[in-house]
Amino acid sequence: MRKVISLNAASFILKGDLCDSLDRERLRTVPDGYLVCLDGLCAGAFSVLPEEYRALPVVDCSGKLIFPGLTDLHVHAPQYAFRGLGMDQELMEWLAANVFPEEARYADLAYARRAYRDFTQALTRSATTRACVFATVHRPATELLMDLLEESGLVAFVGKVNMDRDCPDDLRETTDGSVAETRRWLEETAGKYKRVRPILTPRFIPSCTDPLLDELGAMAAMTGLSVQSHLSENRGEVECVRRLRPDTAFYGDAYDRHGLFGSHGRAIMAHCVLSSDEEIARIRERGVYVAHCPQSNTNLASGVAPVRRYWDEGLNLGLGSDVAGGSSLSILRAMADAVQVSKLRWRLQDDSLRPLTVPEAFWIGTAGGGSFFGRVGLFRPGYEFDAVVLDDSRLTAPRPLTVAQRLERAVYLSEDRDVVRKFVQGREVSLPS
Ligand SMILES: [Zn+2]
């Protein structure tokens, strides 16, 4: 019997040169193919359109690349305003000189509105469809950011940052104040959005006292909310944690002791450049997501995370721009950076871990990070329909290239302006000019 299909705005066909991952190692391409969206979900990618879908409207993007929306698993919205500044410093120095003075400005809602509008527009313009976003300690500005992201049509987790020690006075919360504001933020945003959700966001161990982490852990246990933070990023930071928390076996253990390492809600830990064997074992055990941020790790002289090892051990893995530690918001750029730094690590540091391939980096930036949001990042039946249409005609070549070769070049050479259409959960997102 023929399936009955409801013809609504979220059911249509995208026609073009399709590319997603066949598995973790290989791309799948469908030249001049049909990507079917039914009520916001992908029904499959076909080279010949099945009879049952013939009645659906076709969005003709022939000749353009169509790939799954990208996930930015770690980005700081307030830092977008000073991206590209202070890139000759190291992490702790850069935090004090650039990050904290800028984040203090978000107490001013008018400033936050201007800056967060810029950030949201840039993210909307990019090939990213999903993001896990740090705001600042300020509740009103965090709620404003959530409003803007909801309006954009992107899907995001957003966190009000918690910090009650070791930062400038104008950013430091009291422990009780941090807990109360976090509770109020959760109450005020509960049920308010379709696409934006809260995520608990202790900045990192150096800026959070034990009582604050205890309270956040209790909130995670009670609500099941996910957690995002930083882990084993930089030598100075790891040393600092060792001094501050002599009671813990390793850095990640300091989160785990408070129930903030995937034992209640899920957890994303950015960086994991310097994780010990014990820490990696705990990450695996708890299903913690590692957000690999290669450009940030280069800019802030943090090092190169052993991503091949994480890949081989099957850890949950996604890519992060980590703006403004990373100066670029592009996850396509993060894919290229991930390949490049893995080659340097292999050449200079440890030749037992072979470099990443482009299809592997593509998988991490689509299906890898996307899985934090559910069935996201592949053109498979039942996956949420997130798709990017990219016009690569600017990237000329004197001979025909395969769809896979064109995608590979787009990873290295395309720019946000080449993204011509973008769909999230089957809805078209309006791209800012
Ligand atoms: Zn970060």
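Coordinates for the structure precede this section.
Residues numbered from 1 in each chain as written. Predicted model: local features only at pLDDT ≥ 70, side-chain atom pairs only at ≥ 80, totals over all residues. Heavy atoms only, no water.

What follows concerns the overall build of the chain. When its secondary structure is counted, the chain shows 13 helices and 17 strands. Relative to the globule expectation of 22 Å for 433 residues, the C-alpha radius of gyration of the chain, 21 Å, shows essentially globular dimensions. In terms of its C-alpha atoms, the chain occupies a principal-axis envelope of roughly 65 × 50 × 40 Å. Long-range pairs, those at least 24 residues apart, make up 75% of the contacts in the chain between residues at least 6 apart in sequence. If you sum the accessible surface of the chain, you get close to 16,900 Å²; carbon and sulfur atoms cover 49% of it. In the chain, the 52 positive side-chain charges and the 59 negative ones have mean positions that sit 5 Å from each other. (Helix = DSSP H or I, 4+ residues; strand = E, 2+ residues; numbered from the N terminus. Rg over C-alpha atoms; globule rule 2.2 N^0.38 Å. Contact = heavy atoms within 4.5 Å. Areas by Shrake-Rupley, 256 points an atom, 1.4 Å probe, with all protein chains shown as cover. Lys, Arg positive; Asp, Glu negative; His and termini not counted. Charge placed at Lys NZ, Arg CZ, Asp CG, Glu CD.)

Given 3.6 residues per helical turn, the α-helix brings residues three or four places apart onto the same face. Under the 1.5 Å per step criterion, the end-to-end length of helix α1 (residues 91–104) is 18 Å for 14 residues, consistent within 8% with the ideal 20 Å. Among the residues of α1, those classed as buried are Leu91, Trp94, Leu95, Asn98, Val99, Phe100, Glu102, Glu103 and Ala104. Looking at the packing, one finds that the buried side of α1 touches α2 (109–125) and α6 (235–244). (Expected span 1.5 Å × (residues − 1). Buried < 20%, exposed > 50% of the residue type's maximum accessible area, 1.4 Å probe, protein only.)

A few words on the coordination of the zinc ion. The protein atoms donating to the zinc ion are His74 (NE2), His76 (NE2), His230 (NE2) and Asp322 (OD), with metal-donor distances spanning 2.1 to 2.4 Å. Geometry at the zinc ion is irregular, judged from the four donor atoms that bind it and their angles of 85 to 170° at the metal. Sequence spacing of the donor residues for the zinc ion, all on one chain, is H-x1-H-x153-H-x91-D. Of this pair, histidine 74 sits in strand β5 (residues 70–76) while histidine 230 sits in strand β11 (residues 227–231), placing them 156 residues apart in sequence. (Donors = N, O, S within 2.8 Å, 3.2 Å for Na, K, Ca; no water. Tetrahedral: all angles 85-135°; square planar, octahedral: opposite > 155°, others 65-115°.)

What follows covers the packing of helix α11 (residues 331–348) against helix α13 (residues 403–413). Interaxial distance between α11 and α13 falls to 7 Å at its minimum, and their mutual angle equals 95°. One element, α11, and the other, α13, form an angle in the roughly perpendicular class. Across from Leu332, Arg333, Met335, Ala336, Val339 and Gln340 in α11, the residues of α13 making contact are Ala410, Val411 and Tyr412. Residues belonging to the contact of α11 with α13 are distributed by class as follows: seven nonpolar, one polar and one charged. (Axes fitted to C-alpha atoms, helices over the stretch in contact; angles between N-to-C directions. Parallel < 35°, antiparallel > 145°, perpendicular 65-115°, else oblique. Nonpolar A, V, L, I, M, F, W, Y, C, P; charged D, E, K, R; others polar.)

On to the side chain of serine 152. By secondary structure assignment, the location of serine 152 is in helix α3 (residues 139–152). Reaching out from serine 152, the side chain makes a polar contact with the backbone nitrogen of leucine 154 at a distance of 3.1 Å. Look past the residues within four positions of serine 152 in its chain and what remains in contact with it is Thr120, Thr124 and Val429. (Polar contact = N/O pair within 3.5 Å; in protein donor to acceptor, adjacent residues only side chain to side chain.)

The next thing to look at is the pattern of salt bridges. Under the criterion given, the structure shown has 36 salt bridges. Between arginine 139 and glutamate 181 there is a salt bridge, and its shortest N-O distance comes to 3.0 Å. Highlighted residues: arginine 139 in helix α3 and glutamate 181 in helix α4 (residues 175–189), separated in sequence by 42 residues. Looking at arginine 139, the relative accessible area reads 9%, which means it is buried. Across the pair glutamate 239 and arginine 242 runs a salt bridge, and its minimum N-O distance is 2.6 Å. Here the residue glutamate 239 and the residue arginine 242 both occupy positions in helix α6, the gap between them amounting to three residues, near one helical turn. (Salt bridge = Lys/Arg side-chain N within 4 Å of Asp/Glu carboxyl O.)

Turning next to unusual backbone geometry. Look at the link from valine 323 to alanine 324: it is a cis peptide, with omega at 10°. Here alanine 324 lies in the loop between β14 (316–319) and α11. Of note in the backbone geometry, alanine 301 takes a positive phi value of approximately 55° without being a glycine. In this structure, alanine 301 sits in the loop between α9 (294–299) and α10 (307–312).

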